Amino acid sequence: MPRYALKVEYQGEPFAGWQRQKELPSVQGAIEQALSRIQPGAHTIAAAGRTDAGVHALGQVAHCDMAKEWDPFRLSEALNYHLKPQPVAIVKAARVEDDWHARFSAVERQYLFRILMRRAPATHDAGQVWQINHRLDVDAMQAGADTLIGRHDFTTFRSSICQAASPIKTLDELRVEQVQGFSGPEIHFHVRARSFLHNQVRSFVGTLERVGSGAWTPEDVRAALQAADRAACGPVCPPQGLYLARVGYPQPVFDRVR
């Protein structure tokens with residue numbers, strides 16, 4: 001059965017997360033249902049990462065097995081037709097080797113988190129950002145972020161229900177920048193690692209927001225990390241501003257796909 005990689009974009013707001021659930025809408029369920037429209041029968045797809053309820057994706061990657069060969073462009077078009085009107089799009093599709101796996105072949109994941117800083121309620125960006133009504137100190141947040149980069153025991157920044165075998169991970173990048181968005185000034189967090197613990201990025205952002213607000217110092221972040229205690233973590237921020245931005249593989253999957 002030929003295998004295809006799918007680059008998936010979606011808004012997380014209407015879904016209970018990526019993973020298929022019996023009585024709740026999910027992104028995985030939506031794509032599998034679309035696949036059943038173009039190839040009758042049951043379908044099970046695998047993804048590079050399972051995003052939580054309310055979390056978005058710009059570059060999620062999944063794979064599916066088909067009964068016959070498809071032109072990748074026509075496969076993406078057919079899926080997009082049957083995904084309407086849900087906020088899910090197959091941006092690209094590519095034929096891959098039969099043993100290629102969206103999750104296990106990945107060597108890097110990148111996340112983006114957006115904070116919108118303005119008092120007036122968000123309209124166009126509602127549900128797409130974490131909105132706060134005060135300004136944040138970017139330099140202080142970056143100083144706190146720098147203490148987290150590298151290989152550490154991230155127990156402090158790990159959900160109590162995380163199923164990972166070990167809390168030890170290597171964080172390759174945690175970059176904080178201020179940009180001017182269409183709705184006002186934004187803080188963007190760029191986070192990159194081979195893999196992440198459950199709620200790790202949202203725990204980082206919630207903690208660093210406390211630094212940017214002046215309630216914590218950068219050294220408080222270091223102390224929280226060294227405590228290796230979930231109780232030492234700052235507040236976990238809401239999911240609305242989080243995006244799975246990119247998944248990296250040893251060989252580019254979609255670069256030559258129209």
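I will try to describe carefully the structure that is included in this document.

Rules behind the numbers
Residues numbered from 1 in each chain as written. Predicted model: local features only at pLDDT ≥ 70, side-chain atom pairs only at ≥ 80, totals over all residues. Heavy atoms only, no water. Helix = DSSP H or I, 4+ residues; strand = E, 2+ residues; numbered from the N terminus. Expected span 1.5 Å × (residues − 1). Buried < 20%, exposed > 50% of the residue type's maximum accessible area, 1.4 Å probe, protein only. Contact = heavy atoms within 4.5 Å. Polar contact = N/O pair within 3.5 Å; in protein donor to acceptor, adjacent residues only side chain to side chain. Arc of directions from axis to C-beta. Phe/Tyr/Trp six-rings, centres within 6.5 Å; stacked < 30°, edge-to-face > 60°. Axes fitted to C-alpha atoms, helices over the stretch in contact; angles between N-to-C directions. Parallel < 35°, antiparallel > 145°, perpendicular 65-115°, else oblique. Left-handed = near helix turned anticlockwise from the far one by under 90°. Nonpolar A, V, L, I, M, F, W, Y, C, P; charged D, E, K, R; others polar.

**Examining helix α1 (residues 27–38)**
Reasoning step 1: Counted at 1.5 Å a residue, the expected span for α1 with its 12 residues is 16 Å, and the 17 Å between its end C-alpha atoms agrees.
Reasoning step 2: Three or more residues of α1 are buried, namely V27, Q28, A30, I31, E32, A34, L35 and I38.
Reasoning step 3: At its buried positions, α1 is contacted by β1 (3–10), β3 (56–65), α2 (72–83) and β4 (88–96).
Reasoning step 4: Capping of α1 at its N-terminal end is provided by S26; its side-chain oxygen lies 2.9 Å from the backbone amide nitrogen of G29.

**A look at helix α5 (residues 218–227)**
Reasoning step 1: Within α5, burial applies to V221, A224 and L225. Along the long axis of α5, the arc covered by the buried residues comes to 100 degrees, so they all point the same way.
Reasoning step 2: Those residues of α5 hidden inside the fold are in contact with α3 (138–146), β7 (150–153) and α4 (200–212).
Reasoning step 3: A228 lies just past α5 and shows a positive phi near 50 degrees.

**Side note on unusual backbone geometry**
In most cases, non-glycine residues show a negative phi, while peptide bonds are predominantly trans.
Reasoning step 1: Here the bond from K84 into P85 is cis, since omega is 0 degrees, no more than 30 degrees from zero.
Reasoning step 2: Residue placement: P85 occurs in the loop between α2 and β4.
Reasoning step 3: Even without being a glycine, N199 presents a positive backbone phi close to 70 degrees.
Reasoning step 4: Position of N199 relative to the elements: it lies in the loop between β9 (184–193) and α4.
Reasoning step 5: Its identity is not glycine, yet A228 carries a phi of approximately 50 degrees, on the positive side.
Reasoning step 6: Topologically, A228 is positioned in the loop between α5 and β10 (242–248).
Reasoning step 7: With a relative accessible area of 33%, A228 lands in the partly exposed category.

**A short note on the packing of aromatic side chains**
Reasoning step 1: Scanning all chains against the criterion turns up 7 aromatic pairs.
Reasoning step 2: Ring plane angle 90 degrees and centroid distance 5.2 Å describe the contact between Y111 and F196, whose orientation is recorded as edge-to-face. On the criterion of sequence distance, the pair formed by Y111 in strand β5 (residues 108–117) and F196 in the loop between β9 and α4 is long-range, its members being 85 residues apart.
Reasoning step 3: In this structure Y111 comes out as buried when scored by relative accessible area, which is 14%.
Reasoning step 4: On the basis of relative accessibility, which here comes to 17%, the residue F196 falls in the buried class.
Reasoning step 5: Pairing F113 with W130 gives two aromatic rings, centres 6.3 Å apart and planes at 85 degrees, and the pair type is edge-to-face. With F113 in strand β5 and W130 in strand β6 (residues 130–132), the pair connects residues that are 17 residues apart, well separated along the chain.

**As for the packing of α3 against α4**
Reasoning step 1: Two elements in contact, α3 and α4, have axes separated by 8 Å at closest approach and are oriented at 135 degrees. It follows that α3 is oblique to α4 by the angle criterion. Between α3 and α4 the crossing geometry is right-handed. Side by side, α3 and α4 meet where A140, M141, G144 and A145 of the first sit next to L208, E209, V211 and G212 of the second.
Reasoning step 2: Here the contact of α3 with α4 is built from residues that sort into 5 nonpolar, 2 polar and 1 charged.

**Things to note about the environment of V247**
Reasoning step 1: Note on placement: V247 falls in strand β10.
Reasoning step 2: Of the residues examined, V247 reaches a relative accessible area of 9% and is grouped as buried.
Reasoning step 3: For the pair V247 and Y111, spaced 136 residues apart in the sequence, the C-alpha separation amounts to 9.1 Å.

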